[in-house]
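# Per-entry structural report
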Amino acid sequence: MQTASPVREEIRRLLEAVKLPRVALVEQRIESPPALGDVRAAVREALREVELPTGSVAIGVGSRGVARVGEVVAALVEALKEAGASPFIVPAMGSHGASTAEGQAEVLAHLGVSEERVGCPVRATMEVVEVGRTPSGVPVYMDRFAYEADAVVVVNRIKPHTAFRGEVESGPSKMLAIGLGKQKGAHAIHAAGWDRIHRTIPEAARVAVQSGRVAFALATLENADEEPCRVVALPAERLTEAEAPLLEEAKRNLPRLPFGELDVLVVDEIGKNISGDGADPNVTGRYPTPYASGGPRVERMVFLDLTEETGGNANGVGLSDVITSRLERRMDRSATYMNALTSTVPDTVKIPMVMESDRDAIAAALLMCAGVEPAEARLVRIRNTLSLRRMWVSEALLGEVEANPRLRVIEPPQPLHLDEDGALI
């Protein structure tokens, strides 16, 4: 009977023999709207399009890494106070923050949304109130503090979703349907079926609006550098109608990889602050459900590490083929699994093949590209799916680089920089 030790040694020799492709540093020119210079002024200008409520106002803020969200919320709080309102913040992030009130408040504080930073209290609870049902019978829930307020405003970024396509995807409608519903509401929407979620979300958002609590949404759009380039206030009574064209604008702003087919894609870091699925499927072409598509065809994908900001939540790790033991050690299984239990998508949290070092992980992926010599593989290495202006590109792709006027080589081909332990430098 073969023991584990000889097998491990054989794997080590197998991976050591893999010749890694040489890579060049390439810069991609991305046309994108300029970032806002004065976020406060942009927020106040946007608010001229809606009537500001008075009384107690719950401001729903999510867990995504929305650029300069603290500034956006602080400007909104300031304007509401001037109108005579008493605003406060409620986390609107479904099950994120380990699905606890304390965890969700900590997520907001980490994003720069705390009483000290934005000028009003943060009230966190996982308790919800059912506010109605969609035409198909899906219950819609709302954060109890928000439900008991005189008015509700949600602040969110509009962008393409990572698992479905619809009239509206990630944005204010989704925050009303899922974010403010906490774990119970988020699960109810997802459990109704991914094949119909493109209808369930706008229907649930309309139910939330019909409760009479929602005043308006404050939405941001970001450019290719993940900087806010536009702020829009959307009246509750025409939320979905106003959000839809903004989604199309957000899709145009989304940075993408400049290659249609890759043998190996190496991603240095993944995390919830990067994408709901760790690495944005709109960039990688790997989706957690069959209800979204687009992006390159990638034969093998490697994830090397988690971001600090994700707090151990490794949702999306299952979309890769190989990871490092470093990433696996940093994974908080409870936070990660709560994501899958709420979204009803287990594939995103499955553990791929685990290798000890960056080099071994890349070598393993190359070995599993059938019919491709590792040294001649079409390989791209990126920092994360938000950082696409510069990337390392293997020699096999340089012909496409030269033919693309938006790409230029900054550093000529060279071996991947690795330390003595096989970690990328």
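Everything discussed here concerns the structure shown above.
Quick summary incoming for the structure in this document. Every value quoted in this text rests on a predicted model; they were computed, and no experiment measured them. (Residues numbered from 1 in each chain as written. Predicted model: local features only at pLDDT ≥ 70, side-chain atom pairs only at ≥ 80, totals over all residues. Heavy atoms only, no water.)

## Things to note about the sheet that holds strand β15 (residues 407–414)
- Spatial strand order, β12-β11-β10-β9-β13-β14-β1-β15: eight strands in an open sheet with mixed pairing. Two strands lie at the open edges of the sheet, namely β12 (353–355) and β15, each paired on one side alone. Taking each pair of neighbouring strands and ignoring which way they run, the sheet shows an average axis angle of 25°.
- Here strand β9 (residues 261–267) runs beside strand β13 (residues 379–382); their pairing, made up of four bridges, is parallel. The partner of Val267 across the bridge, within β13, is Ile382. (Pairing = 2+ DSSP bridges. Helix = DSSP H or I, 4+ residues; strand = E, 2+ residues; numbered from the N terminus. Axes fitted to C-alpha atoms, helices over the stretch in contact; angles between N-to-C directions.)

## Considering the pattern of salt bridges
- For the structure shown, the criterion picks out 39 salt bridges.
- Among the salt bridges present, the one from Asp358 reaches Arg326, with a minimum N-O distance of 3.0 Å. Residue Asp358 is located in helix α14 (residues 358–367), and its partner Arg326 is located in helix α12 (residues 325–330); the two are separated by 32 residues in the primary sequence.
- Of the charged contacts, one joins Glu328 and Arg333 as a salt bridge, the two residues approaching to 3.8 Å between their closest N and O atoms. (Salt bridge = Lys/Arg side-chain N within 4 Å of Asp/Glu carboxyl O.)

## Topic: the layout of surface pockets
- As a volume, the largest pocket reaches approximately 770 Å³.
- The wall of the largest pocket is formed by 37 residues, among which Ser63, Leu111, Asn273, Glu309 and Thr310 lie closest to the centre.
- If you list the elements that add at least two residues to the lining of the largest pocket, you get α4 (101–110) and α13 (333–343).
- With four residues, α4 is the single largest residue contributor to the lining of the largest pocket.
- The wall of the second largest pocket is formed by Arg8, Ile11, Arg12, Leu15, Val354, Met355, Glu356 and Asp360.
- Listing elements by their share of the lining of the second largest pocket, those giving two or more residues are α1 (4–16) and β12.
- It is α1 that provides the largest number of residues to the lining of the second largest pocket, a total of four residues.
- Among the residues making up the lining of the second largest pocket, the classes are represented as four nonpolar, no polar and four charged. (1 Å grid on protein atoms, 1.4 Å probe; cavity = no way out; pocket = protein on both sides within 12 Å on 5 of 7 lines; lining within 4 Å. Points joined across faces, edges and corners; volume = space filled by probe spheres on them. Nonpolar A, V, L, I, M, F, W, Y, C, P; charged D, E, K, R; others polar.)

## Re α4
- Buried residues of α4: Ala101, Gly103, Gln104 and Leu108, and no others. Here the buried residues of α4 occupy an arc of 165° about the axis, which is enough to place them on one side. Of the exposed residues in α4, the ones pointing more than 90 degrees away from its buried face are Glu102, Glu106 and His110.
- Turning to α4, the residues buried within the fold contact β2 (55–61), β3 (85–91) and α8 (182–191).
- Where α4 ends, the next residue or the one after it, Gly112, has phi of about 90°, a positive value. (Buried < 20%, exposed > 50% of the residue type's maximum accessible area, 1.4 Å probe, protein only. Arc of directions from axis to C-beta. Contact = heavy atoms within 4.5 Å.)

## Quick notes on empty space enclosed by the protein
- Following the criterion strictly, the structure yields three cavities of 30 Å³ or more and no others.
- Along the walls of the largest cavity sit 37 residues, with Arg64, His96, His161, Lys174 and Gly276 positioned nearest its centre.
- Mapped by element, the contributors of at least two residues to the lining of the largest cavity are β6 (151–157), α7 (172–179), α8 and α13.
- Take the lining of the largest cavity: its biggest share by element is four residues, from α7.
- Of the residues contributing to the lining of the largest cavity, the split by class is 11 nonpolar, 20 polar and six charged.
- For the second largest cavity, the calculated volume is near 190 Å³.
- Along the walls of the second largest cavity sit 16 residues, with Lys159, Glu222, Asn223, Leu254 and Pro255 positioned nearest its centre.
- Split by residue class, the lining of the second largest cavity holds eight nonpolar, three polar and five charged.

## Concerning the packing of α7 against helix α9 (residues 197–210)
- α9 packs onto α7 with a crossing angle of 75° between their chain directions and a minimal axis gap of 8 Å. With respect to their mutual orientation, α7 and α9 come out roughly perpendicular. Of the residues in α9, those in contact with Ser173, Lys174, Leu176, Ala177 and Ile178 of α7 are Ile201, Ala204, Ala205, Ala208 and Val209.
- Its residues placed into classes, the contact of α7 with α9 shows eight nonpolar, one polar and one charged. (Parallel < 35°, antiparallel > 145°, perpendicular 65-115°, else oblique.)

## With respect to the pairing of β13
- The two faces of β13 match: Leu379 and Arg381 on one face and Val380 and Ile382 on the other face are all buried.
- Pairing analysis gives two bridges linking β13 to strand β14 (residues 390–394), with the strands arranged antiparallel. Among the inter-strand pairings, Arg381 is bridged to a residue of β14, identified as Trp392.

## Regarding the pairing of strand β7 (residues 214–222)
- Among the nine residues of β7, eight are classified as buried, and the element is accordingly described as predominantly covered.
- In terms of strand pairing, β6 meets β7 through six bridges, oriented parallel. The residue of β7 that forms the bridge with Val155 is Leu218.
- With seven bridges joining them, β7 and strand β8 (residues 228–235) adopt antiparallel strand pairing. From the neighbouring strand, Ala217 faces β8, where its bridge partner is Leu234.
- If you look at the hairpin formed by β7 and β8, you'll find five residues sitting between the two strands, and Glu226 has a positive phi there, around 60°.

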